[in-house]
Amino acid sequence: MTGTAALLLAAGRSMRFGSPDKLLAPFRGQTVIAAAMAALETPRITMRLAVVSSQRVATAVQRAGFEPLIIAAGQPQSASLAAGVRHLAGRDLARIVVALGDMPFLRRDDFDALITLAGDGAACARRAAQPMVPAVFPRVMFDRLCHVAGDEGARRFLTELPGKSRLPIPAERLRDIDTQDDLARTGG
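Below you will find a few notes about this structure. (Residues numbered from 1 in each chain as written. Predicted model: local features only at pLDDT ≥ 70, side-chain atom pairs only at ≥ 80, totals over all residues. Heavy atoms only, no water.)

**Description of the overall build of the protein**
Thought 1: Scanning the protein for helices and strands turns up seven helices and nine strands.
Thought 2: In terms of overall dimensions, the protein has C-alpha extents of about 40 × 35 × 30 Å along its principal axes.
Thought 3: A burial count over the protein gives 53% of its 188 residues as buried.
Thought 4: Restricting to contacts in the protein with at least 6 residues of sequence separation, those with at least 24 account for 70%.
Thought 5: Accessible surface, the protein: about 8600 Å² in total, of which carbon and sulfur atoms supply 51%. (Helix = DSSP H or I, 4+ residues; strand = E, 2+ residues; numbered from the N terminus. Buried < 20%, exposed > 50% of the residue type's maximum accessible area, 1.4 Å probe, protein only. Contact = heavy atoms within 4.5 Å. Areas by Shrake-Rupley, 256 points an atom, 1.4 Å probe, with all protein chains shown as cover.)

Spelled out as structure tokens, the structure:
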């Protein structure tokens, strides 16, 4: 197994944002999700999958070179993660890089550094002492990831990672867009 897949989770409910789809909201000359996808365009990632719950977002990710996987709307984040990992499990992959579609501030070098830190194991970002996505999971963890439940996704696995497997990334790049005020504060 040799490849590295990006698994972009973009099927959330976005309830705090309001009625427009936050992933398609304008952000610095593109959309929120387009900025999140651009950071995953590193040669170290050999395939890209986005788990989505809307046809409009599926079309946007497909145009950007991501394979869309549409799931039913309104499910917890763990459902997106499990669906994506199950979809990728049969592929020639050594690892999966999990990212969120509403985190447009990350950069390619953040993902490259995270993949390097993970090596053959797992790694995640950290803000202060808090482990968080983005994260890298090796193939040996795929089965466990297929069985996550609730709205915490892989948080339990991230808290188990030792400090040396947690990449410090500046807090301003680890922000997500949850509300329209969040987007307005970015100058989006």
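**Section: the side chain of Arg173**
Thought 1: By the secondary structure assignment, Arg173 is in the loop between strand S9 (166-168) and helix H7 (180-185).
Thought 2: Judged by relative accessible area, Arg173 falls into the buried class, the value being 13%.
Thought 3: In this view, Arg173 contacts Phe105, Leu106, Arg107 and Asp110; residues no more than four positions away in its chain are not counted.

**Concerning the pairing of strand S6 (residues 93-100)**
Thought 1: Counting buried residues along S6, eight of its eight residues qualify, which places the element largely inside the surrounding structure.
Thought 2: Bridge count for strand S1 (residues 3-10) against S6 is seven bridges, and the pairing is parallel. Considered in S6, the bridge of Ala6 is made with Val97.
Thought 3: In terms of strand pairing, S6 meets strand S8 (residues 130-138) through four bridges, oriented antiparallel. Residue pairing in the sheet places Val98 in a bridge with Ala135 of S8. (Pairing = 2+ DSSP bridges.)

**Here's the deal with the pairing of S1**
Thought 1: Here S1 lies mainly inside the structure; eight of its eight residues are buried.
Thought 2: Burial of the side chains of S1 extends over both faces: Gly3, Ala5, Leu7 and Leu9 are buried on one face and Thr4, Ala6, Leu8 and Ala10 on the other.
Thought 3: Of the pairings in the sheet, the one linking S1 to strand S4 (residues 47-52) comprises six bridges and is parallel in character. Within S4, the position partnered with Leu8 by the bridge is Ala50.

**Description of the packing of aromatic side chains**
Thought 1: Scanning all chains against the criterion turns up one aromatic pair.
Thought 2: Both rings, one in Phe27 and one in Phe105, keep their centres 5.4 Å apart while their planes meet at 85°; by these two values the pair is edge-to-face. Here Phe27, found in strand S2 (residues 26-27), pairs with Phe105, found in the loop between S6 and helix H4 (108-118); they are 78 residues apart in sequence, far enough to count as distant. (Phe/Tyr/Trp six-rings, centres within 6.5 Å; stacked < 30°, edge-to-face > 60°.)

**Comments concerning H4**
Thought 1: Residues of H4 that are buried include every one of Asp110, Phe111, Leu114, Ile115 and Ala118, and no others. The arc that holds every buried residue of H4, seen down its axis, measures 130°, which confines them to one face.
Thought 2: Summarising the contacts, the buried residues of H4 are in contact with S1, S6, strand S7 (123-127), S8 and S9. (Arc of directions from axis to C-beta.)

**Some remarks on the sheet that holds S4**
Paired through backbone hydrogen bonds, the strands of a sheet run either parallel or antiparallel to each other.
Thought 1: On the basis of which strands lie adjacent, the open sheet formed by seven strands has the order S5-S4-S1-S6-S8-S7-S9 and mixed pairing. Of all strands in the sheet, those bounded by a partner on one side alone are strand S5 (67-70) and S9. Going across the sheet, the axis of each strand differs from the next one's by a mean of 25°, ignoring polarity.
Thought 2: Pairing geometry for S7 and S8, over five bridges, is antiparallel. (Axes fitted to C-alpha atoms, helices over the stretch in contact; angles between N-to-C directions.)

**Observations concerning helix H3 (residues 77-88)**
Thought 1: Counted at 1.5 Å a residue, the expected span for H3 with its twelve residues is 16 Å, and the 17 Å between its end C-alpha atoms agrees.
Thought 2: Most of H3 is tucked away, with nine of its twelve residues classed as buried.
Thought 3: Turning to H3, its buried residues are Ser78, Ala79, Ser80, Leu81, Ala82, Ala83, Gly84, Val85 and Leu88.
Thought 4: Elements in contact with the buried residues of H3: S1, S4, S5, S6 and helix H5 (142-145). (Expected span 1.5 Å × (residues − 1).)

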